[in-house]
Amino acid sequence: MSLQSGLDALKQKRYQEAVELLEQFCRDCVERDSSDYLSAQMWLMKAYQATGEIEKAKSLCQKLMMSENPQARSWAEQASQSFRQPPATQSNASQKANRAATTGMKLAMGGVGGSLALASGVTMTLLFGMVLALGLSLVFILGSDDPLQGLAIAIGFTLVFNIAAFFISPFIMDLTQGWLYQTRWVELAEIETLSPETAKIINQICQQKKLKTPRLGIINDENPTAFTYGSLPNSARLVVSQGLFTYLDDDEIATVYAHELGHIVHWDFAVMTVASTLVQICYLIYSTARRLGRGGDSKIKDAMQTAGLVAYVFYIIGTYLLLYLSRTREYFADHFAAESTGNPNGLSRALVKIAYGILEEGSRTQEPSRLIEGTRALGIYDHKAAASTGTAYRIASDPQKIGRVFLWDMFNPWGWWMELNSTHPLTGKRVRTLSTYAEQLGLPTEFDMGRVVGEGKSLNKSRLYGNFFLDVVLYGAETIGFFIGLVMGVILWSSSPNTGLAFGAPLIGLGMGILVKALVMFPDYKQAPETDILTLMSDPYASPLRGKPAKLEGQLIGRGDAGYKFGSDLKIQDRSGMLYLHYASRFGPIGNFLFGMKRVQSLIGEQVGAVGWFRRGVAPWMDLIQLQSENGTIVNSYHRFWSFILGGGSIIVGVVLTMFLSS
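No experiment lies behind these values; they were computed from the predicted model shown. (Residues numbered from 1 in each chain as written. Predicted model: local features only at pLDDT ≥ 70, side-chain atom pairs only at ≥ 80, totals over all residues. Heavy atoms only, no water.)

J.: Even after reading the chapter, I still don't get the overall build of the chain, so can you show me in this structure?
T.: The number of helices and strands found in the chain is 30 helices and 10 strands. Counting all 663 residues of the chain, 52% fall into the buried class. A sequence separation of at least 24 residues applies to 72% of the contacts in the chain between residues at least 6 apart. For the chain, the accessible surface area stands at approximately 29,500 Å², while carbon and sulfur atoms represent 61% of it. (Helix = DSSP H or I, 4+ residues; strand = E, 2+ residues; numbered from the N terminus. Buried < 20%, exposed > 50% of the residue type's maximum accessible area, 1.4 Å probe, protein only. Contact = heavy atoms within 4.5 Å. Areas by Shrake-Rupley, 256 points an atom, 1.4 Å probe, with all protein chains shown as cover.)

J.: Would you explain the confidence of the model for the chain in this entry?
T.: As a general rule, the predicted coordinates of low-pLDDT regions are not to be interpreted in detail. Averaged over every residue, the pLDDT of the chain is 80; the share at 70 or more is 79%. Within the chain, helix α7 (residues 93–96) has the poorest average pLDDT of any element, 38, and strand β8 (residues 607–615) the best, 94. Counting interchain partners and residues more than four positions distant, the pLDDT-below-50 stretch residues 84–97 has 29 contacts. (pLDDT = per-residue confidence, 0-100.)

J.: Is there a simple way to think about the sheet that holds strand β4 (residues 237–241) in this case?
T.: The pairing of strands in a sheet comes from backbone hydrogen bonds and takes either a parallel or an antiparallel form. Reading across from one edge, β1-β2-β4-β3 is the order of the 4 strands in this open sheet, with mixed pairing throughout. Two strands lie at the open edges of the sheet, namely β1 (184–186) and β3 (226–229), each paired on one side alone. Shown here is a sheet whose adjacent strand axes are inclined to one another by a mean of 30°, direction ignored. Pairing of β3 with β4, which is carried by 4 bridges, proceeds in the antiparallel orientation. Across the sheet, Thr228 pairs through a bridge with Leu238, a residue of β4. (Pairing = 2+ DSSP bridges. Axes fitted to C-alpha atoms, helices over the stretch in contact; angles between N-to-C directions.)

J.: Looking at this model, I keep getting lost on the packing of aromatic side chains. Mind explaining?
T.: To describe a pair of aromatic rings, you give the distance between the ring centres and the angle between the ring planes. Under the counting rule described, the total for this entry stands at 12 aromatic pairs. Both rings, one in Trp416 and one in Trp417, keep their centres 5.9 Å apart while their planes meet at 55°; by these two values the pair is tilted. Linked through ring pairs, Trp414, Phe468, Phe469 and Tyr475 together constitute an aromatic cluster. Arg215 extends its terminal NZ or CZ atom over the ring of Trp185, reaching a point 4.0 Å from the ring centre. (Phe/Tyr/Trp six-rings, centres within 6.5 Å; stacked < 30°, edge-to-face > 60°. Lys NZ or Arg CZ within 6 Å of the ring centre and 35° of its normal.)

J.: Looking at this model, I keep getting lost on the pattern of salt bridges. Mind explaining?
T.: Where side chains of opposite charge bring their charged atoms close, a pairing between them can arise. Using the criterion set out here, one finds 18 salt bridges in the structure. For Arg329, the salt bridge identified is with Asp268, shortest N-O distance 2.8 Å. Of this pair, Arg329 sits in helix α15 (residues 298–341) while Asp268 sits in helix α14 (residues 268–292); the two residues are 61 residues apart in sequence, bridging distant segments of the chain. We classify Asp268 as buried; its relative accessible area is 0%. For the salt bridge of Arg432 with Glu439, the shortest nitrogen-to-oxygen distance reads 3.9 Å. (Salt bridge = Lys/Arg side-chain N within 4 Å of Asp/Glu carboxyl O.)

J.: Just checking my understanding: could you explain unusual backbone geometry for this structure?
T.: Trans is the prevailing form of peptide bonds, just as negative phi is the prevailing case for residues other than glycine. For Lys210, which is not glycine, the phi dihedral falls at a positive 55°. On the secondary structure map, Lys210 appears in the loop between α11 (196–208) and β2 (215–219). Despite not being glycine, Trp267 has its phi angle at roughly 70°, a positive value. Assessed through its relative accessible area of 40%, Trp267 is described here as partly exposed.

J.: Help me understand helix α1 (residues 3–11), please; the structure alone is not making it clear to me.
T.: An α-helix turns once every 3.6 residues. As a result, residues three or four positions apart point the same way. Those residues of α1 that fall on the buried side of the exposure criterion are Leu3, Gly6, Leu7, Ala9, Leu10 and Lys11. At the exit of α1 stands Lys13, carrying a positive phi of roughly 65°.

J.: Help me understand the nonpolar core in this model?
T.: Here is a general trend for soluble globular proteins: nonpolar side chains tend to be buried in one another's company. Grouped together as the largest cluster of nonpolar side chains are 99 residues, with contacts concentrated most on Leu244, Tyr257, Tyr381, Ile572, Leu581 and Leu627. Here Ile572 is in contact with Ile533, Leu552, Gly554, Gln555, Leu556, Gly577, Met578, Leu579, Leu581, Val608 and Ala610, once residues within four sequence places are set aside. Membership of the second largest hydrophobic core comes to 27 residues, among which are Leu3, Leu7, Leu22 and Leu60. (Core = buried A, V, L, I, M, F, W, Y, C linked by side-chain atoms within 4.5 Å.)

What follows is the structure in structure tokens.
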């Protein structure tokens, strides 16, 4: 009897069969200390819970808590929380009633998310213009003597290129998905066995909107995610991971599929597919032109350099257009799912559980998932935002604990600032919007967002906004210092023969900016208070700039760098959640590489005390200072040291250049 057969039965919600298979495997297993046996015991406990055999689950949990394996013991200690009081978002009969009796009721968005049509139109128009400009650049490089003919060629090139990109992009995506993630294409009947309500929703929406059922795919990865791509609604692909069926209940899975179908109905999936391709091509043209512009004929070299510069500017602009479009379309897809299913609470639960699933899977592997990294822009959830929400769900005994982590999303001005670089709206904003849909349907809300909003309004506004604009300036202090130095250097150079000022002043400004920023980022840590990860993440005043000294007790569970086996960053887990630790060697990038190659693997699994500066952006993290064990300090990290070295070194080099070139 194989362990995999038991896990497959559990994932497909055949709980009684899973119990029988896992029990048989445990009886037949000879090596009771093996990882397979411990894994079977963990999943058997979950199967007991699913079948209602709570006493058996409790007994097995107690047994695992006394295991000699530290990871099994830690897992069981966290799992024991579910026996005391289940998380507020866990499904039960009363919560299942929090949905509309009928579907299709129109819900007002109230201006949330802006205009999807406008965002899509502006994005595609500007991207079309970018490719047109690049086409003109290529024509000029070829030396066309007839401007009208050159313009006609460029327009023709643009049209052919965009049409080709529109129809070819999905097939390129198919090849990429199959190669990287081994996507398995399935029939609707298989989806129905995994989630009956999902099959009904797919049929319902496709019939109402006169759509062909999308091509359905499943990726064998336990990180829960879902995404859609394609060029036309009747040839769209809708792909989910196996983790979606593991972590979500039937009605929640249906809302996720409805969300993805919303992308198809709105056509925004096609815009994203083409726009993503065009933005990447802008970068490809930039890198190619830069290489070709290094030598050869001066006329062609100059033209190549110009084309490369234009392509890079378009790449930056296109990236931010894509991010804005991506955030806007998520609001509209959430709205479509709420209307189509009459179950906005189900989608709220789904978002929180997806965050929890990503966090859980991250705690079981030593490297982050390439799937959720690679599909970040396309997926239903930005995995970088999963840590705070997933941490709250893991230990929540009431909705307030989950709601508190949304305070930062909704009220901290850094949330708005950081969201500009995010593919998805912040989770707190999405859940708040879904709660308004539940209110319109006359339903109790899944999370008491009214209480969260009330608490947010009572926050200290001077702490939130008083220094924000100054902090934004300080956040870019090194760049601002460089340009101020550059301007001053040019001004002084124009009024004196000292050429050294033109070269030295920017470096002096850069160094001063680094030093000023470092003084704010890295305050004194000697009295760092002991705390836990959830408490840090629930702080509505947290900042990505002003580090908060803190000490955590937990276990190192893996690397923090996705797909990089020599990564130097770490993940720490305590009873309340998981957090990334950023390491900085005293020897710079070479030291980081050597640390990742030689030390990190031996540290994974260690119980440590971590001292560092906590920061909150879309993804929370801690800049590490020290890792301590019972035997003393085992790792030192040098973020502040390197800031002072780089800042001071830049100033010294700037002064030396000024003196040397003026002599």
